[in-house]
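Descriptive structure summary
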Amino acid sequence: MTPLKYLTTLICFVFIAIRAASGEVRNEFGEVGGEVSFGSTSLNPSVSSIIWKHRSSTGPVVKAIEWDPAEDPDVSIPNPRFKDITTLNEKTGEITITNLTVEHSGFYTIDINSKEQEQRFSLTVMAPVPKPVIKIEKIEMNPNAVNLKCEYNETIIWKNSAGETLKGSPHTPKGELITAEKKGNPDVFYTCTLKNAVSESTSDPVYERDLFEESGLWWIALIVIPVLILALFVLLYKFWTKSHRKQYNLASEGNKMKEDAVSPVSMSLITDQKNVYKNGISDATQR
């Protein structure tokens, strides 16, 4: 056997030995304030005792719950961390923990008839994710694009109004960002979803109309511009009417003044003509 094959065989043997010694580890997750159950689903009828043990990352191994009818027919919960929140199903060996806290995280093993079983359980208790808030960052060099930031440590999922999943870029110190470009549709929106093993939460949608000023004012301009044009037309019409009426009044007054100036002369001429006519008739009669 060559040295390389020998080394490979030795590594495989060590791995199998460690796996056999450590047993199968099953990952479990719970939410703070929630409930979790795990353990065996069937037990040999000859089971005489069950003990669940807990080992945290910082503390010693403690008994979470114990059932030994030979000593005490009731279930015993010696550790205050599990008092009043832990139950045991004697038929299946399943343990249930309620009102979870992060202190319940760690490794759990089960002893049946005073013998530790190979299967182990790794419990991780996590707080539910908060509702994310999207932050908007303007891009000075490009007024038609903005950066959207979701600053959280959890798994982040970006989506648009079409339901498409968008790929985000890492953001320092934490979270992700995407660049949203102007589409010309004020109803386009983006959301950020946070997710962990026990919960998920989605932000309020951020609409394009709120990202770009022009897209938020187009409908205002559509209403205001025609109104301004109409108002200008009305003002011009009133000005033209007033100006035309003034000119008409001036012309009327001028004509009246002319008539007043001509009338006395005309009356004098008529009177003179009458007098001449009368004098002519008088002279003819005397002759």
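Please refer to the structure higher up on the page.
Since we're looking at a predicted model, the values are computed, not measured. Numbering of residues starts from 1 in every chain and runs along the sequence as written. Since the coordinates come from a predicted model, pLDDT governs what is reported: local features require at least 70, and pairs of side-chain atoms require 80 or more to be given and counted, while whole-chain, interface and lining totals use all residues. Side-chain measures here rest on the full set of heavy atoms in the structure, leaving out hydrogens and waters.

This part takes up the sheet that holds strand 6 (residues 86–88). Read across the sheet, 3 strands follow the order 2-7-6 without closing on themselves; strand pairing throughout is antiparallel. Looking at strand neighbours, the two that pair on one side only are strand 2 (36–38) and strand 6, the edges of this open sheet. For this sheet, the mean inter-axis angle between neighbouring strands, taken without regard to orientation, is 15°. When DSSP finds two or more bridges between two strands, those strands count as paired. Helix and strand assignments follow DSSP, with helices taken as H or I runs no shorter than four residues and strands as E runs no shorter than two, numbered in order from the N terminus. Summarising the sheet, strand 2 and strand 7 (residues 95–97) pair through 3 bridges and their orientation is antiparallel. If you follow V36 over to strand 7, its bridge partner there is I97. Think of each axis as a best-fit line through the C-alpha atoms, taken over the contacting stretch in the case of a helix, with angles from 0 to 180 degrees between the N-to-C directions.

Attention now moves to the nonpolar core. Take the buried Ala, Val, Leu, Ile, Met, Phe, Trp, Tyr and Cys residues and link them wherever side-chain atoms come within 4.5 Å; each set so joined is a nonpolar core. With a 1.4 Å probe rolled over the protein chains alone, any residue whose accessible area is under 20% of its type maximum counts as buried; one over 50% counts as exposed, and the rest are partly exposed. Counting residues in hydrophobic clusters, the biggest one holds 23 residues, and the most contacted among them are F38, I50, W52, I97 and Y108. When residues of this core are traced back to their parent elements, those giving at least two are strand 2, strand 3 (50–55), strand 4 (61–68), strand 7, strand 8 (106–112) and strand 9 (115–126). Tallying contributions element by element places strand 4 first for this core, with 4 residues. Contacts of I50, omitting those with residues within four sequence positions, involve L43, I65, E66, W67, L88, E90, G93, I110 and D111. In terms of nonpolar packing, the next biggest core, distinct from the first, is built from 17 residues, V129, I156, A180 and L194 among them. In what follows, a contact means two residues having at least one pair of non-hydrogen atoms within 4.5 Å.

This paragraph deals with the pattern of salt bridges. When a carboxyl oxygen of Asp or Glu lies within 4 Å of a side-chain nitrogen of Lys or Arg, that pair is called a salt bridge. Applying the stated criterion across every chain yields a total of 9 salt bridges. In this structure, the salt-bridge partner of K53 is D111, at a minimum N-O distance of 3.0 Å. Here K53, found in strand 3, pairs with D111, found in strand 8; they are 58 residues apart in sequence, far enough to count as distant. Here K149 ties to E137 by a salt bridge, and the two come within 3.8 Å at their closest N and O atoms. Taken as a pair, K149 in strand 11 (residues 145–150) and E137 in strand 10 (residues 135–138) lie far apart in primary sequence, 12 residues in all. When its relative accessible area of 32% is taken as the criterion, E137 is described as partly exposed. Residues joined by salt bridges that share partners form a network here, namely K135, E137, K149 and E151.

Moving on, we get to the environment of N160. As for its placement among the helices and strands, N160 is situated in strand 12 (residues 155–160). Residue N160 is classed as buried on the basis of its relative accessible area of 14%. In this structure the C-alpha to C-alpha distance between N160 and V206, which are 46 residues apart in sequence, comes to 9.4 Å. In this structure N160 touches L166, F189 and Y190, once residues within four positions along its chain are discounted. Engagement of the side chain of N160 in a polar contact is seen with the backbone nitrogen of A162, the distance being 3.1 Å. Any N or O atom pair separated by 3.5 Å or less is treated as a polar contact, with the protein-specific requirement of one donor-capable and one acceptor-capable atom, and with residues adjacent in sequence counted only for side-chain atom pairs. A polar atom in the side chain of N160 sits 2.8 Å from the side chain of E164.

A word on the state of the cysteines. When the sulfur atoms of two cysteines come within 2.5 Å, that pair is taken as a disulfide. One pass over the structure, following the stated rule, counts 1 disulfide. Disulfide pairing places C150 opposite C192 at an S-S distance of 1.9 Å. With the S-S dihedral at roughly -85°, the linkage between C150 and C192 falls on the left-handed side. With a gap of 42 residues between them, C150 in strand 11 and C192 in strand 16 (residues 189–195) connect regions that are remote in the sequence. The residues C150 and C192 share a single accessibility class, namely buried.

Moving on to the side chain of S122. Assignment of secondary structure puts S122 in strand 9. S122 sits in the buried class, given a relative accessible area of 14%. S122 has contacts with V25, R26, N27, E28, G106 and F107, leaving out every residue within four places of it along the chain.

Looking at the secondary structure, you find E213 in helix 3 (residues 213–286). Using a relative accessible area of 66% as the deciding quantity, one classes E213 as exposed. Along the chain, E213 and P143 lie 70 residues apart, while their C-alpha atoms are 9.6 Å from each other.

So, on to the packing of aromatic side chains. When the centres of two rings from Phe, Tyr and Trp lie within 6.5 Å, Trp using its six-membered ring, the rings pair. Their planes under 30 degrees apart give stacked, over 60 give edge-to-face, and anything left gives tilted. Under the counting rule described, the total for this entry stands at 6 aromatic pairs. Look at F82 and Y108: their rings are 6.3 Å apart centre to centre, the planes differ by 85°, and that puts the pair in the edge-to-face class. You can see F82 sitting in the loop between strand 5 (72–76) and strand 6 and its partner Y108 sitting in strand 8, a full 26 residues away along the chain. For the pair formed by F82 and Y108, the shared burial category is buried.

Pairing of strand 10 with strand 11 involves 4 bridges; the strand directions are antiparallel. The residue of strand 11 that forms the bridge with I136 is L148. The antiparallel hairpin formed by strand 10 and strand 11 contains 6 residues in its connecting segment.

Worth remembering: the numbers are spatial, not functional.
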